[in-house]
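Coordinate analysis (summary)
Take a look at the letters that make up each chain.
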Amino acid sequence: MTAAFTFPGQGSQAVGMGKALAEAFPAARAVFDEVDSALGEKLTATIWDGPAETLQLTENAQPALMAVSLATLRVLETEAGFSVARHAAFVAGHSLGEYSALAAAGSLTISDTARLLRTRGLAMQKAVPVGVGAMAALLGLDFDTAVAVAQEAAQGEVCQAANDNGGGQVVVSGAKAAVERALEIAKAKGAKRALLLPVSAPFHCTLMQPAAEAMAQALADVTILPPAAPLVANVLASPVTAPDEIRRLLVEQVTGTVRWRESVAFMASQGVTHFFEIGAGKVLSGLVKRIADGAVGIAVGGPNDIEPAKQALAASGAA
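Under an unreviewed UniProt entry, the name given to the chain is Malonyl CoA-acyl carrier protein transacylase, and the organism recorded is Rhodopseudomonas palustris. Turning to the chain, the UniProt annotation filed under Catalytic activity (unreviewed entry) states: "holo-[ACP] + malonyl-CoA = malonyl-[ACP] + CoA". On record in UniProt, under Sequence similarities (unreviewed entry), the comment for the chain is "Belongs to the fabD family."

What follows is the structure, encoded as structure tokens:
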């Protein structure tokens, strides 16, 4: 199989995402209804009608992005014959997208995933008071250099490489003052750009330990089944299928580095040529081209994307 199904993370959300799919396809609408029911509220109204500042709250953005991804996948299954078990060599997701990937592969139910992501979003926001932490994108530095920048900037505070996105894009996370120091150090080391990100908390660093503990507790009570296709885990950049290992890695992921560049490179090394980004936005599709020579990123998020995705699956040889 030469296809991988990938799922976007926070930052890809936009008011109105998934609405056209739900209006056109009952299978998509059913996913949004299930998420609303699981959360006991009309998250769908926020997804489709905003306001944007409410959707962007971590506690809403995380289950919302998962809902759009799974609604999109259900349409691909019913209208284009997609099957995780038959067509995906691997599934993978960027940060919260890892939960979407597991729901797509049947490891988690959609209802459990929605509740877990609501818990995760609240816990991540609560872990660090607003204004205490920060995140910054360092552009034009390789990962090892960015790690060295973070270490030099720490000066006794937390500053870590949070996301290795590929294509010379690394995000650092930690205490606000340390991250601000990292901006200046990165520029001195030749970064093309170094800028603070508009996020509400310093994700994927040790300051998130309280959130990791909250997720350990939440995940302990949830059934996790072996995925229909191996999950390439964020913190390992290699495949896992054992439920207990998946549970452990989901906890580690809260404080660990999202090793996206290595994850995509691993899948490409295993023969994956077509990376389907299922859900909102086109971030992951753009990164694929910068990580894996000759690989194709196909973003699928609206009704007009379904037929081209079907053709791309056939062209990949996976179908």
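After that view of the structure, there is still more to cover.
1. Looking at the sheet that holds strand β4 (residues 159–164)
In space, the four strands of this open sheet follow the order β4-β5-β3-β6, with antiparallel pairing throughout. The open sheet has two free edges, formed respectively by β4 and β6 (193–196), since each of these has just one partner strand. Averaged over all neighbouring strand pairs, the angle between strand axes comes to 25 degrees, with direction disregarded. Two elements, strand β3 (residues 133–139) and strand β5 (residues 169–175), share seven bridges in a ladder whose sense is antiparallel.

2. A few points about the domain arrangement of the chain
Split into domains, the chain comes out as domain 1 (2–127 + 207–318) and domain 2 (133–199). The distance between the C-alpha centroids of domain 1 and domain 2 comes to 26 Å. Carbon and sulfur atoms make up 46% of the area that domain 1 and domain 2 hide from each other, which totals about 970 Å². For R261, the salt bridge goes to D164, with nearest N and O atoms at 2.8 Å. For the pair domain 1 and domain 2, the interface holds seven residue pairs in polar contact (both at pLDDT 80 or more). Looking at the side of domain 1 that touches domain 2, the elements that each hand over two or more residues are α13 (260–269) and α14 (283–291). Looking at the side of domain 1 that touches domain 2 residue by residue, the class counts come to five nonpolar, four polar and four charged.

3. A few points about the packing of α13 against α14
Contact geometry of α13 with α14 gives a least axis separation of 10 Å together with a crossing angle of 65 degrees. In terms of orientation, α13 lies roughly perpendicular with respect to α14. Crossing of α13 against α14: the hand is right-handed. For the pair α13 and α14, the contacting residues are W260, R261, V264 and A265 in the first and L284, L287, V288 and I291 in the second.

4. Thoughts on the UniProt feature "active site" (unreviewed entry) in the chain
Cross-referencing UniProt, the feature "active site" (unreviewed entry) maps to S95 and H204 in the present numbering. For the residues just named, distributed over 110 residues, the greatest C-alpha separation is only 8.7 Å, placing them together at one site. Considering the arrangement of structural elements, one finds S95 in the loop between β2 (88–93) and α7 (97–104). The buried category is assigned to S95, whose relative accessible area is 11%. Ignoring any residue separated from it by four or fewer positions in sequence, one finds S95 in contact with R120, H204, N234, Q253 and V258. Here H204 shows up in the loop between β6 and α11 (209–220). In this view, H204 contacts S95, R120, A161, A162, N163, Q253, V254, T255, G256 and V258; residues no more than four positions away in its chain are not counted. At 2.7 Å, the side chain of H204 forms a polar contact with the side chain of S95.

5. A look at the UniProt feature "domain: Malonyl-CoA:ACP transacylase (MAT)" (unreviewed entry) in the chain
What UniProt calls "domain: Malonyl-CoA:ACP transacylase (MAT)" (unreviewed entry) maps, in this numbering, to residues 6–303. End C-alpha to end C-alpha, residues 6–303 measures 18 Å, and it is 51% helix and 15% strand.

6. Concerning the pairing of strand β9 (residues 274–278)
Burial runs high along β9: five of the five residues are buried. The pairing of strand β1 (residues 3–7) with β9 spans four bridges and is parallel. Counted as the bridge partner of A4 is F275 from β9. Alignment of β9 against strand β10 (residues 296–300), held across five bridges, turns out to be parallel.

Criteria and thresholds
Residues numbered from 1 in each chain as written. Predicted model: local features only at pLDDT ≥ 70, side-chain atom pairs only at ≥ 80, totals over all residues. Heavy atoms only, no water. UniProt positions renumbered as here; feature names shortened; annotations may be inferred. Pairing = 2+ DSSP bridges. Helix = DSSP H or I, 4+ residues; strand = E, 2+ residues; numbered from the N terminus. Axes fitted to C-alpha atoms, helices over the stretch in contact; angles between N-to-C directions. Domains from an automatic or database assignment. Buried area = accessible area lost by both parts, 1.4 Å probe. Salt bridge = Lys/Arg side-chain N within 4 Å of Asp/Glu carboxyl O. Polar contact = N/O pair within 3.5 Å; in protein donor to acceptor, adjacent residues only side chain to side chain. Nonpolar A, V, L, I, M, F, W, Y, C, P; charged D, E, K, R; others polar. Parallel < 35°, antiparallel > 145°, perpendicular 65-115°, else oblique. Left-handed = near helix turned anticlockwise from the far one by under 90°. Contact = heavy atoms within 4.5 Å. Buried < 20%, exposed > 50% of the residue type's maximum accessible area, 1.4 Å probe, protein only.

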